[in-house]
Amino acid sequence: MRRTISFFLNGSEVNVTLKDHMRLIDCLRETLNLTGTKEGCGEGECGACTVLVDGQAVNSCLYPAPEAEGKNVLTIEGLQGSENRLSFIQKAFVELGAIQCGFCTPGMILATKALLDSNPDPSDQDIRAALQGNLCRCTGYVQIVEAVKQAAENMRGPE
Amino acid sequence: MSRFSYHKPKTIDDALQLKNEKRGAVYIAGGTDVIVQIKNQELRPSALISLRNIPGLAHIEVNGGARIGALATISDIIQHPTLAQAFPLLMEAARRIGSVQIRNVATIGGNLCNCSPCADMALPLLVLEAKVRLRTSETTREVPVEDFFKGPGESCLLSDEIMTDILLDAPDVNTIAVFMKKGRVKMDLAVASVAVLLDMEGDLCRKAHIAAGSVAPVPRRLREVEEKLEGTILSEQTISEAQKIAKSSVVPITDIRSTEDYRREIVGVFVKRSLERALEWSHK
Ligand SMILES: Cc1cc2nc3c(=O)[nH]c(=O)nc-3n(C[C@H](O)[C@H](O)[C@H](O)COP(=O)(O)OP(=O)(O)OC[C@H]3O[C@@H](n4cnc5c(N)ncnc54)[C@H](O)[C@@H]3O)c2cc1C
Ligand code: FES
Ligand code: FES
């Protein structure tokens, strides 16, 4: 079955026609050509596909696309600072070497955004707990935790 | 992904009707079990009937006891302002489930209805002697969680029946609660887990409720251990006896996550550590 749904994607309303069995990640990557969201495991284990739905981090590989109707979806493409610059989280990840191959990065950054939106001053432990569902095969996580702390500082202080 | 139609009923009655009309239809809540099962071709539904858009099914109400809507997510449970205070065990178990991303969509009802031997929310509900409310178009019934599980992947749910609520009586004031879980890595399904609820008077154990997961076809109470403990003074010796009984009374399996022997060992150790911790607390 096909259906047309509308939802808010990165701040703007979109109308998409999709097949009933599509997952949100299929709708984003294949229907809307937003390939910033990555698919790793496809079963909720790796977090590469993380997006925010109504501000909450979810795995888009487990999220039925028809459920996005009327929701607010944020993907990595929607995360920009002013004047098309990198957002403060992205900047911190670049500056602290928290990105190597980059495959986990969009998911890491969105999971970080969800964390900082609810907890602007997270401890190391809070950061590790919030990113437990995001695997990285390259960095060893130390730089990522540092980057999240830096991002939190940037967010609290003047950008 | 196999093909299926997707339905978003707005009332329980519409959901029940769809389930009866569509052969091969399956209910979906958070989908964290269903979607994975479809991907792995363990499940090939012709239709998914979503319970997510039915108003009120995710509601949590605390008034001495509690009524938790089956569609409440694990995050809803963790973030509820008063639930954790009344039922700290629920909170302990909820916090150990999956990752943030999983907890934000996974529901307590889905955790129970999926009927995995390692369903983490089952353990606090078993020791708290919770009931689940089940509805068809004609009937509503309340079933103790203990009688809900029939086997791996099998419950007492009728084919169209929907779980609407989880019901908890007001907790006893003097109980001590401990939850322990071992996964291979932190966000993993349990290799084994244990929940313990004790009513202590000094070192005397007046009442003991102990449940274990991943060590039998369904999450279940360890009655033999409970009987051994009730009415006895907790000491190094009684705790070590309880550990032995726990080890010998469970029937775990070997699978990709762990071995039978290791699970047996872990359950014994968890029972021992929980009792030791309870004893420590009762002295405070
Ligand atoms: C990466 C990952 C990590 C996980 N970690 C854990 C963990 O640590 N501990 C743990 O216990 N589980 C874990 N799980 C399993 C899963 O997330 C939980 O069992 C979850 O609570 C299931 O809820 P759901 O709403 O997603 O269920 P769904 O997948 O939507 O449904 C599960 C089953 O229940 C049925 N169902 C759901 N709701 C109802 C209802 N109200 N009435 C009737 N039938 C219903 C569905 O038809 C289906 O058969 C994990 C899963 C993943 C993918
Ligand atoms: S692709 Fe979704 S969690 Fe791995
Ligand atoms: S940077 Fe390569 S997986 Fe994280």
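Residues numbered from 1 in each chain as written. Chains lettered and ligands numbered in written order. Predicted model: local features only at pLDDT ≥ 70, side-chain atom pairs only at ≥ 80, totals over all residues. Heavy atoms only, no water.

**Considerations on the overall build of chain B**
When helices and strands are tallied, chain B shows 12 helices and 14 strands. Scaling as 2.2 N^0.38, a compact globule of 284 residues should have a C-alpha radius of gyration of about 19 Å, and chain B matches this with 19 Å. Judged by the C-alpha coordinates and their principal axes, chain B covers about 60 × 40 × 35 Å. Relative to its 284 residues, chain B shows a buried fraction of 54%. Contacts in chain B between residues at least 24 apart in sequence constitute 60% of all its contacts with a sequence separation of at least 6. Accessible surface, chain B: about 12400 Å² in total, of which carbon and sulfur atoms supply 48%. The average position of the 37 basic charges and that of the 36 acidic charges among the side chains of chain B differ by 7 Å. (Helix = DSSP H or I, 4+ residues; strand = E, 2+ residues; numbered from the N terminus. Rg over C-alpha atoms; globule rule 2.2 N^0.38 Å. Buried < 20%, exposed > 50% of the residue type's maximum accessible area, 1.4 Å probe, protein only. Contact = heavy atoms within 4.5 Å. Areas by Shrake-Rupley, 256 points an atom, 1.4 Å probe, with all protein chains shown as cover. Lys, Arg positive; Asp, Glu negative; His and termini not counted. Charge placed at Lys NZ, Arg CZ, Asp CG, Glu CD.)

**Thoughts on the packing of aromatic side chains**
Both the distance between ring centres and the angle between the ring planes are used here to describe each pair of aromatic rings. Residues and elements named next belong to chain B. On inspection of all chains with the given rule, the structure shows 1 aromatic pair over all chains. Judged by centre distance (5.5 Å) and plane angle (80°), the ring pair of Phe 148 and Phe 149 falls under edge-to-face. Judged by relative accessible area, which is 1%, Phe 148 ranks as buried. Using a relative accessible area of 5% as the deciding quantity, one classes Phe 149 as buried. It is Lys 19 that lies over the ring of Tyr 27; its NZ or CZ is 5.4 Å from the centre. (Phe/Tyr/Trp six-rings, centres within 6.5 Å; stacked < 30°, edge-to-face > 60°. Lys NZ or Arg CZ within 6 Å of the ring centre and 35° of its normal.)

**Let's talk about the sheet that holds strand β7 (residues 140–144) of chain B**
Residue and element names in this part refer to chain B. If you walk across this open sheet you meet the 5 strands as β4-β5-β10-β6-β7, and the pairing is antiparallel. Two strands bound the open sheet, and with one partner strand each, they are β4 (60–63) and β7. Adjacent strand axes in the sheet meet at a mean angle of 20° when their direction is disregarded. The pairing of β4 with strand β5 (residues 65–69) spans 4 bridges and is classified as antiparallel. When the bridges of β5 are listed, Ile 60 appears paired with Ile 68. (Pairing = 2+ DSSP bridges. Axes fitted to C-alpha atoms, helices over the stretch in contact; angles between N-to-C directions.)

**Quick notes on helix α12 (residues 260–283) of chain B**
Relative to the 34 Å expected for 24 residues at 1.5 Å per residue, α12 of chain B spans 35 Å between its end C-alpha atoms, a close match to the ideal helical length. Where the residues of α12 of chain B are buried, they touch β11 (175–183), β12 (190–201), β13 (204–213), α10 (223–229) and α11 (236–249) of chain B. (Expected span 1.5 Å × (residues − 1).)

**Remarks on the domain arrangement of chain A**
All names here are of chain A. For chain A, the domain assignment lists domain 1 (2–79) and domain 2 (82–156). Measuring from the centre of the C-alpha atoms in domain 1 to the corresponding centre in domain 2 gives 21 Å. At the interface, 17 residues of domain 1 touch 13 residues of domain 2. When the buried area of domain 1 at its contact with domain 2 is split by residue, Thr 50, Ile 76 and Leu 79 rank highest and sum to 41% of it. (Domains from an automatic or database assignment. Buried area = accessible area lost by both parts, 1.4 Å probe.)

**Considerations on the interface of chain A and chain B**
Taken together, the contacts link 30 residues of chain A with 27 residues of chain B. With both chains or domains summed, chain A and chain B bury close to 2300 Å², and 52% of this area falls on carbon and sulfur atoms. Summed over the shared surface of chain A and chain B, the number is 2 salt bridges. Between Glu 69 of chain A and Lys 8 of chain B there is a salt bridge, with its nearest N and O atoms 3.8 Å apart. The tally of links between chain A and chain B comes to 11 residue pairs in polar contact (both at pLDDT 80 or more). Ranked by residues supplied to the side of chain A that touches chain B, first place goes to strand β4 (residues 56–59) of chain A with 4 residues. (Salt bridge = Lys/Arg side-chain N within 4 Å of Asp/Glu carboxyl O. Polar contact = N/O pair within 3.5 Å; in protein donor to acceptor, adjacent residues only side chain to side chain.)

**A word on the site of ligand 1**
In the vicinity of ligand 1, 36 residues are found, and the nearest of them are Tyr 27, Ala 29, Thr 32, Asp 33 and Thr 107 of chain B. Near ligand 1, residues from chains A and B are present, making the site a shared one. Backbone polar atom of Gly 98 of chain B to an oxygen atom of ligand 1: 3.1 Å apart, as the coordinates give it. Taking 990 Å² as the accessible area of ligand 1 by itself, protein coverage stands at 94%. (Near = heavy atom within 4 Å.)

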